[in-house]
Amino acid sequence: MDDKKTARNRQGLAAPPDDTYHQTLQPESGKTMTQLIQRYLGTGDALARLKDHAGRLMRLQNLLEQHLPPALTAACSVANFKGDTLVLLAHGGAVAARLKQIAPSLVQQFAAAGLLIKTIQVKVKVIEEHEAAPAPTQRTLSEAGSQSLTEFSSTLPEGSPLRESLERLVQRSRRS
């Protein structure tokens, strides 16, 4: 039975120690939900590696923001760090071109901070822009047209869909 527990632990599948699941539902006094989740995420090997990698990316993002010009700070972000390559996402082609120009100096600044980054790869992040729905067109109707449609709709049978549509058209249109 112990062999199964250790195998599950190595795979990151073991239940969290100290019954953390129940503690998250009813937190102990003084502990926040975030602290309990952090303790849970640190229990499995795979989750621990993911947590470490996310923390490393956040530190790299902060360091990057310190070394970038203010105009580029909001227009790019750290996407990944693997081996000795840092991958940056740029919000558009112009930002990507500028990042590629300053990449050698960024490598030097990261090296001065103690990071072994040899290459910086820049990728353009596609930003989906949703077109705003066009404003509904305002229909203008002359007095004569309005009167003519009203007269015609009164000749149609009561409850007719055409009659209802024509009456709605007359009511909603502006007079010219």
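Residues numbered from 1 in each chain as written. Predicted model: local features only at pLDDT ≥ 70, side-chain atom pairs only at ≥ 80, totals over all residues. Heavy atoms only, no water.

A. Inspection of the overall build of the protein at higher detail. A tally of helices and strands in the protein yields eight helices and five strands. Helices and strands appear in the protein in the N-to-C order α-α-α-α-α-β-β-α-β-β-α-α-β. Long-range pairs, those at least 24 residues apart, make up 50% of the contacts in the protein between residues at least 6 apart in sequence. When the accessible surface of the protein is summed, it comes to about 12,800 Å², and 55% of that surface belongs to carbon and sulfur atoms. (Helix = DSSP H or I, 4+ residues; strand = E, 2+ residues; numbered from the N terminus. Contact = heavy atoms within 4.5 Å. Areas by Shrake-Rupley, 256 points an atom, 1.4 Å probe, with all protein chains shown as cover.)

B. Highlighting the sheet that holds strand β2 (residues 85-90). If you trace the three strands from one edge of the open sheet to the other, you get β1-β2-β3, paired in mixed fashion. Only two strands of the sheet have a single partner each, and these edge strands are β1 (76-82) and β3 (119-124). Here the average twist between neighbouring strands, direction ignored, is 25°. Sheet topology places β2 next to β3; six bridges connect them, and they run parallel. Bridged to Leu86 within β3 is Ile120. Lying over the sheet, helix α4 (residues 45-67) contacts β1 and β2, oriented at roughly 135° with respect to β1. (Pairing = 2+ DSSP bridges. Axes fitted to C-alpha atoms, helices over the stretch in contact; angles between N-to-C directions.)

C. Seen up close, the packing of α4 against helix α6 (residues 93-112). Running from N to C, α4 and α6 point in directions that differ by 120°, and their axes come no closer than 11 Å. Comparing their axes, α6 and α4 come out oblique. Crossing handedness for the pair α4 and α6: right-handed. In contact with Leu60, Leu63, Leu64 and His67 of α4, α6 contributes Leu106, Gln109 and Phe110. Of the residues assigned to the contact of α4 with α6, the class counts are five nonpolar, two polar and no charged. (Parallel < 35°, antiparallel > 145°, perpendicular 65-115°, else oblique. Left-handed = near helix turned anticlockwise from the far one by under 90°. Nonpolar A, V, L, I, M, F, W, Y, C, P; charged D, E, K, R; others polar.)

D. Here's a closer look at the pattern of salt bridges. One pass over the structure, following the stated rule, counts two salt bridges. Glu167 serves as the salt-bridge partner of Arg163, at 3.1 Å between the closest nitrogen and oxygen. Taken together, the positions of Arg163 and Glu167, both in helix α8 (residues 161-172) and four residues apart, correspond to about one turn of that helix. Taking the relative accessible area as the measure of exposure, Arg163 reaches 14% and is therefore buried. Three or more residues are tied together by salt bridges with common partners; here these are Glu158, Arg163 and Glu167. (Salt bridge = Lys/Arg side-chain N within 4 Å of Asp/Glu carboxyl O. Buried < 20%, exposed > 50% of the residue type's maximum accessible area, 1.4 Å probe, protein only.)

E. Structural view of the environment of Asn80. Checked against the element boundaries, Asn80 lands in strand β1. On the basis of relative accessible area, Asn80 is assigned to the partly exposed category, the value being 29%. Through-space distance from the C-alpha of Asn80 to that of Ala54 is 9.2 Å; in sequence the pair is 26 residues apart. If sequence neighbours within four positions are ignored, Asn80 has contacts with His53, Leu57, Thr85, Leu86 and Val87. Of note is the side chain of Asn80, whose polar atom sits 2.9 Å from the side chain of His53. (Polar contact = N/O pair within 3.5 Å; in protein donor to acceptor, adjacent residues only side chain to side chain.)

F. Up close: α8. Between the first and last C-alpha of α8 there are 16 Å, a value that for 12 residues agrees with the 16 Å anticipated at 1.5 Å per step. Among the residues of α8, Arg163, Leu166 and Val170 are the ones counted as buried. Seen end-on, α8 carries its buried residues on one side only, within an arc spanning 65°. Exposed side of α8, more than 90 degrees from the buried face: Pro161, Gln171 and Arg172 are the residues found there. On its buried face, α8 sits against β4 (140-141), α7 (143-155) and β5 (174-175). (Expected span 1.5 Å × (residues − 1). Arc of directions from axis to C-beta.)

G. Fine view of the nonpolar core. Among the nonpolar cores identified, the biggest contains 24 residues, and Leu64, Leu68, Leu86, Leu99, Phe110 and Ile120 are the most heavily contacted of them. Beyond its immediate sequence surroundings of up to four residues, Leu64 is in contact with Cys76, Val78, Leu88, Leu106 and Phe110. (Core = buried A, V, L, I, M, F, W, Y, C linked by side-chain atoms within 4.5 Å.)

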